[in-house]
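# Breakdown of the fold
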Protein chains: 2
Amino acid sequence: MEHLRDDHSKRNIYIDNQPRLKAIEAYEEKLKQSKKQEEVSVYQSLGRITAQAVFANISSPHYHSAAMDGIAVLAEKTYGANERSPVILKESVDFCYINTGNPVADGYDAVIMIEDVIPEGEGLIKLLVPAHPWQHVRTVGEDIVKGEMIIPSGHKIRAIDIGALLSGGVVVINVLCPVKVGIIPTGNELTRDIETLEKGQIIDSNAWMFQGLVTEAGGLPTVYEPVEDNMKQLEEVICKAINENDFVIVNAGSSAGSKDYTVDIIRSLGEVIVHGIAMKPGKPTILGIIDNKGIIGIPGYPVSAYFSFRNFVEPFIRKLSGSPNDDEKTKAVLSKRIVSSLKHEELVRVTLGKVNGQLIATALNRGAGNTTSLVRADGVLTVPIHVEGIEAEENVEVQLLKPLEIIEKRAVFIGSHDIIIDILSDMMPISSSHVGSFGGLMAKRKGECHIAPIHLMDEATGDYNDAFVKKYFEDGTMSIISGVKRLQGIMVKKGNPKQIKGFADLSRDDVIFVNRQRGSGTRQLLDYELKKQKIDPKEVNGYDWEVNTHMGVAVAVDSNAVDVGLGIYAAADNMGLDFIPVGYEAYEFLVSNDDLNDDRIKKFLEIITSDIFKSSVLSLGGYQLDDIGTIRKIEK
Amino acid sequence: MEHLRDDHSKRNIYIDNQPRLKAIEAYEEKLKQSKKQEEVSVYQSLGRITAQAVFANISSPHYHSAAMDGIAVLAEKTYGANERSPVILKESVDFCYINTGNPVADGYDAVIMIEDVIPEGEGLIKLLVPAHPWQHVRTVGEDIVKGEMIIPSGHKIRAIDIGALLSGGVVVINVLCPVKVGIIPTGNELTRDIETLEKGQIIDSNAWMFQGLVTEAGGLPTVYEPVEDNMKQLEEVICKAINENDFVIVNAGSSAGSKDYTVDIIRSLGEVIVHGIAMKPGKPTILGIIDNKGIIGIPGYPVSAYFSFRNFVEPFIRKLSGSPNDDEKTKAVLSKRIVSSLKHEELVRVTLGKVNGQLIATALNRGAGNTTSLVRADGVLTVPIHVEGIEAEENVEVQLLKPLEIIEKRAVFIGSHDIIIDILSDMMPISSSHVGSFGGLMAKRKGECHIAPIHLMDEATGDYNDAFVKKYFEDGTMSIISGVKRLQGIMVKKGNPKQIKGFADLSRDDVIFVNRQRGSGTRQLLDYELKKQKIDPKEVNGYDWEVNTHMGVAVAVDSNAVDVGLGIYAAADNMGLDFIPVGYEAYEFLVSNDDLNDDRIKKFLEIITSDIFKSSVLSLGGYQLDDIGTIRKIEK
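The model shown is predicted, which means the values in this text are computed figures rather than measured ones.

### Details of the overall build of chain A
Along its length, chain A carries 17 helices and 38 strands. Its C-alpha radius of gyration of 35 Å places chain A more than 25% over the 26 Å reference for a compact globule of 636 residues. Once the C-alpha set of chain A is aligned to its principal axes, its extents read approximately 115 × 75 × 45 Å. Taking the contacts inside chain A whose residues are at least 6 apart along the sequence as the reference set, 75% of them involve residues at least 24 apart. Accessible surface, chain A: about 26400 Å² in total, of which carbon and sulfur atoms supply 49%. Once the 69 positive and 89 negative side-chain charges of chain A are each reduced to a mean point, those two points are 5 Å apart.

As structure tokens, this is what we get:
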């Protein structure tokens, strides 16, 4: 362990706290690269960005052509034609037959529709109406005039542009080259061999996220083999990557730890412009330059890595690739207060839901390691530096990560968690936040969700939910949609090594428990049972350690973090745990009467009463669905 | 010509006039195909659509890991530590050093930050603060719990999803197969050899537009070699394409003309569900089925082809490929009245501009052959069947073809046309409509544009523009930004075969003229000169034939449609015509004083006074730029 202790003594490098925009400005000033261009066939140009404006090589039509099936004439010869004195014309002398698209030969200047041509036999025809010059003729350049600009520079080629370019006789165009970005994963702990994963190994997922992000931004990614924490090796790969690309990402090793070599290597090969940004997540970012090419050290936690990329790498790629940033912004109202540090700008992932005509933003888990929150996020909200936080119900601006159209169609669930919500979310568009049953009640009161899933037991009667709705809502305004009866119980490790039999065992010294968060129905059930057994919560080891979902409880037990937890059968079963049943409870859905005719609620009712949903839920085990989908109005 | 006449006698096939939605419904009812899926590596899955929900194979973290650099301890052993009675721990017995990300070994349940560890020598350390269980530990499943859903079905994989999937131990997923679409171009006139283009030949541009449209919609296109108008050959290629694809497009030959074989072939090999839609453009569309695969006959005009594809082929591709339609809609106000037929639904291409906070829609050229209008269109407005049209200033809904963000940033020009507008549009985002100087004045009065380019001569004084602004606007509200002095003159064919010397020649019987549209300054100049020369416009052959741009005049002369036209030097020069100068005129930019500080106007001023803009304009010839960019307030 001598080695590790030595390492720690080296941790004395200063990390900066530069405001984000100032850092970008300083970097852009130093890093001067210019756009590169190449020729490409129009046939292969979909999605490419034009380097120059493109002008038509030929006019379209490139000859005077018939716009109708009929005859070509010289208009002059038809002047004066009417019912009383028709004009008679002779084929090959005065007219010729012509189909749509055929060239109008020299000597003719108009087309008469075949419907208006009366055959007289022997090559003669009769006209009752005169033609005017150039009628029913598509004249040269009617669509595109030679020399005219078809598309400007900096334009992303669409399918319809390809049609117009070809019509204008253009087959080759100059487009911008995508920026080449080298991605170097570093760290002894990284592995790509997911099958044989060992403790201490981390799956190399960031490199492939970057590969996708570079592609999405219009760049051309190359992912290198992971490099071990070895200064010499890393330096070699950085040199190679700088040589082969326009831009290089090193991930991770961008902090100031004992194995964080990146900053020293950049400093020795080039220049470090900024090390450390006043931004969270993403603070330990390095902005460097080697051989007039950008090199950015990006921190290892996936969410930090993501924000560091979006803020520092992506704008560079977009600028040089000419690929516009099409992220949209939207206004929303914040549901719950966000507290933030004065020292950092903070980028907060949020979910969005449209309820009662208003877009409501709710902050997701802010942990830098939480990739699922990144997947679930609908947008990102920025709390500026020097701001302590944002109060609930304030108006905020959110940068969208998903199309607003999709967000607005979703039914918004806020309340208690159950695995059936996951099943539901695969069958209809929903957004769900797990804040416990009480949190759901409160969100529903504030009009922040369509549906609040709840399971709250009235200690007086042992009945579920209705009493709480009567207490917190105006009489006659709410309904409960019956959901599932689900089996709650005590989860223990396979084989029950600690011989736990019931709640009485939770106060044992050798037993460690994991709790659910305050406001959850499961926690309420625990407190009810502890009271019945006259156990003081203080006697329960781990009473204060809270997780937010049933699966969270199950995994804590399974991973030896604790010995026991309380939760639903399906979660215990999924994790292969033993389960001591406590009883069935009613997990139900609180809605406003006003919303009962909303399309989203109707869709929800349709899904939960469908055979496919029911059989999916039943296959999990531990559920009863006898009256699922029944609506009862809550009245005193 | 006997052959052609015979052909015409065969034109007696009935074409339907089915409402669009009814046609789609009838087609969908008959055409039952199901989604196909395939396995794909997560590494190659960017942009693919999940066929099923994807669940985590492993938890992440998959072991309890240190969230900080420091020491791992059993929390219990640190209880009671404080300044007065520190706890002393021994390395390897009571604690071990640990780095961020390292596994927390069995027997430990907390991490203490290295900053809080006081070394005492000989493997001993001192603590002044107790740890609580699981502090600074990322416990198993903190990010992703094994068995948890990572992404739902029907989800388009983004870069961040790839990161989360790999973190959840998922390396292979099931995705939907893109729909294979075969594209068959038909017609004797089609050619791909643009270099040797002859009269009567049409560039095969639609096939490649379809190739792009299929790709954009998430399908997999195959373009076949063009087929001649031969029933046997076409039938063979259709059979091959039906065999090799999920869906086939035949373009063109979908009407009821003598060479329109498609409908007969589909009828003989399968079933024609609809032939003829009450929609313009796109009426002669065939919806057919062969071997339970879709086959659609699409008309030949590019704009008809586009709308037929978007309405009938694209929804099918999106449905089976699971690729959502992300076209957005917006509300706008119509600038000019649109007249439409009661018999058809009409799809009208529009440009959009944001002026005075309002989005204004203006219809573009509605010709079915006009591919440039398709390229320029910002959106599509639908005039329903049984509706005669839409009045100016009515609210309309527009389906967007370009991002609203880009549209809203543009400066809107309505008025007279000049080639310098094209140069400008390559240097800053603008939208421009060519309605002549008077049209520009009127648009500016109605607040529909930011800038009205005008060149209107006061016949009394010979001066340009100011008098008209004084007449039509409130005093002191408007400014004119000086633009260019441009050389107007008479364009004639190279060598001047008709020996035209001046306006007097326009009344000659053997001379045909092409005019500009009413309200254009060039037309006003013509009328002024004709009056001076005492020529009655009725004496001028072609006075009634109007085109909208200088290039339109030049191409009419160049293509032998006419002998002479009036327009600017640069257009004549571009087309290689001879030019008889008439005089310089002031082409200037009318703006509201209120807009002078608008960012778009400022950008405009910056560009037109830049050296690169000036040198681009001067290189065209026929321009003087002495006072370009000077602002003069128009006051009485």
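Past the structure itself, the notes keep going.
### Some points on the sheet that holds strand β13 (residues 180-185) of chain B
Residue and element names in this part refer to chain B. In space, the six strands of this open sheet follow the order β16-β13-β17-β21-β20-β18, with mixed pairing throughout. Each end of this open sheet is capped by a strand with a single partner; those strands are β16 (220-223) and β18 (271-275). Neighbour-to-neighbour, the strand axes of this sheet turn through a mean angle of 20°, independent of strand direction. Across five bridges, the pairing between β13 and strand β17 (residues 247-251) is parallel. Of the residues in β17, the one forming a bridge with Ile183 is Ile249. Along the sheet, helix α4 (residues 206-216) makes contact with β13, β16, β17 and β21 (293-298), crossing β16 at roughly 165°.

### Observations concerning the packing of helix α3 (residues 159-167) of chain A against α4(B)
Following both chains from N to C, one finds α3(A) and α4(B) inclined at 170°, their axes separated by 7 Å at the closest point. The orientation of α3(A) with respect to α4(B), classified from their angle, is roughly antiparallel. Across the interface between the two elements, A:Ala159, A:Ile160, A:Ile162, A:Gly163 and A:Leu166 of α3(A) pack against B:Trp208, B:Met209, B:Gly212, B:Leu213 and B:Glu216 of α4(B). In the contact of α3(A) with α4(B), the residues fall into seven nonpolar, two polar and one charged.

### Points about the packing of aromatic side chains
Residues and elements named next belong to chain A. Tallied over the full model, the rule gives 26 aromatic pairs over all chains. With a centroid separation of 4.3 Å and 40° between ring planes, the pair formed by Phe247 and Phe316 is classed as tilted. Taken together, the residues Phe247 in strand β17 (residues 247-251) and Phe316 in helix α7 (residues 302-321) connect sequence positions 69 residues apart. Judged by its relative accessible area of 0%, Phe247 is buried. Here Phe316 falls in the buried class, since its relative accessible area comes to 12%.

### Quick word on α3(A)
All names here are of chain A. With nine of nine residues buried, α3 lies mostly within the body of the structure. Every buried residue of α3 is listed here: Ala159, Ile160, Asp161, Ile162, Gly163, Ala164, Leu165, Leu166 and Ser167. Once α3 ends, the next one or two residues include Gly169, with phi positive near 75°.

### Comments concerning the nonpolar core
Of all hydrophobic cores here, the largest spans 62 residues; its most connected members are A:Phe210, A:Phe247, A:Phe309, B:Leu165 and B:Ile173. Broken down by element, this core gets its largest block of residues, 10 residues, from α7(A). B:Ile173 has contacts with B:Glu38, B:Glu39, B:Val40, B:Val42, B:Ser45, B:Thr50, B:Val54, B:Ile157 and B:Leu165, leaving out every residue within four places of it along the chain. B:Tyr27, B:Met209, B:Ile298 and B:Ala305 belong to the second largest nonpolar core, which has 61 residues in total.

### With respect to the domain arrangement of chain A
Domain boundaries assigned for chain A yield domain 1 (17-34 + 179-321), domain 2 (37-60 + 143-176), domain 3 (65-138), domain 4 (329-409) and domain 5 (432-634). Distance between the C-alpha centres of domain 1 of chain A and domain 5 of chain A: 43 Å.

### Brief notes about the interface of chain B and chain A
Contact residues are listed per partner, giving 100 residues for chain B and 100 residues for chain A. Here chain B meets chain A over a buried area of about 8400 Å², counting both sides, of which 60% is carbon and sulfur. Counting across the interface, chain B meets chain A through 22 residue pairs in polar contact (both at pLDDT 80 or more). Residue contributions to the side of chain B that touches chain A peak at eight residues, all from helix α3 (residues 159-167) of chain B. Considered class by class, the residues forming the side of chain B that touches chain A number 43 nonpolar, 30 polar and 27 charged.

### Some points on the side chain of B:Gln517
By secondary structure assignment, the location of B:Gln517 is in the loop between β33 (513-516) and α13 (521-532). Other than its neighbours up to four places away in sequence, B:Gln517 contacts B:His434, B:Val435, B:Gly436, B:Arg523, B:Glu546, B:Val547 and B:Asn548.

### Let's talk about the confidence of the model for chain A
All names here are of chain A. Mean pLDDT over chain A works out to 92, with 97% of the residues at or above the 70 mark. Segment residues 1-12: pLDDT under 50, and 21 contacts once partners within four positions in sequence are set aside and those in other chains are kept. Predicted as a complex, the structure gets a pTM of 0.90 and an ipTM equal to 0.90.

### Details of the pairing of β18(B)
All names here are of chain B. Burial analysis of β18 places four of its five residues in the buried class, which makes it a mostly covered element. As judged from the four bridges shared by β18 and strand β20 (residues 286-290), these two strands associate in the antiparallel manner. Within β20, the position partnered with Val272 by the bridge is Gly288.

### Focus: the relation of the copies chain B and chain A
Placing chain B over chain A gives an RMSD of 0.1 Å and needs a rotation angle of 180°, together with 0.0 Å of translation along the axis. The relationship between the two copies is best expressed as a two-fold rotation axis. A shared binding surface is used by both copies, with 100% of the interface residues of chain B retained as interface residues in chain A.

Cut-offs used in this document
Residues numbered from 1 in each chain as written. Chains lettered and ligands numbered in written order. Predicted model: local features only at pLDDT ≥ 70, side-chain atom pairs only at ≥ 80, totals over all residues. Heavy atoms only, no water. Helix = DSSP H or I, 4+ residues; strand = E, 2+ residues; numbered from the N terminus. Rg over C-alpha atoms; globule rule 2.2 N^0.38 Å. Contact = heavy atoms within 4.5 Å. Areas by Shrake-Rupley, 256 points an atom, 1.4 Å probe, with all protein chains shown as cover. Lys, Arg positive; Asp, Glu negative; His and termini not counted. Charge placed at Lys NZ, Arg CZ, Asp CG, Glu CD. Pairing = 2+ DSSP bridges. Axes fitted to C-alpha atoms, helices over the stretch in contact; angles between N-to-C directions. Parallel < 35°, antiparallel > 145°, perpendicular 65-115°, else oblique. Nonpolar A, V, L, I, M, F, W, Y, C, P; charged D, E, K, R; others polar. Phe/Tyr/Trp six-rings, centres within 6.5 Å; stacked < 30°, edge-to-face > 60°. Buried < 20%, exposed > 50% of the residue type's maximum accessible area, 1.4 Å probe, protein only. Core = buried A, V, L, I, M, F, W, Y, C linked by side-chain atoms within 4.5 Å. Domains from an automatic or database assignment. Buried area = accessible area lost by both parts, 1.4 Å probe. Polar contact = N/O pair within 3.5 Å; in protein donor to acceptor, adjacent residues only side chain to side chain. pLDDT = per-residue confidence, 0-100. Least-squares fit on C-alpha atoms with pLDDT ≥ 70 in both.

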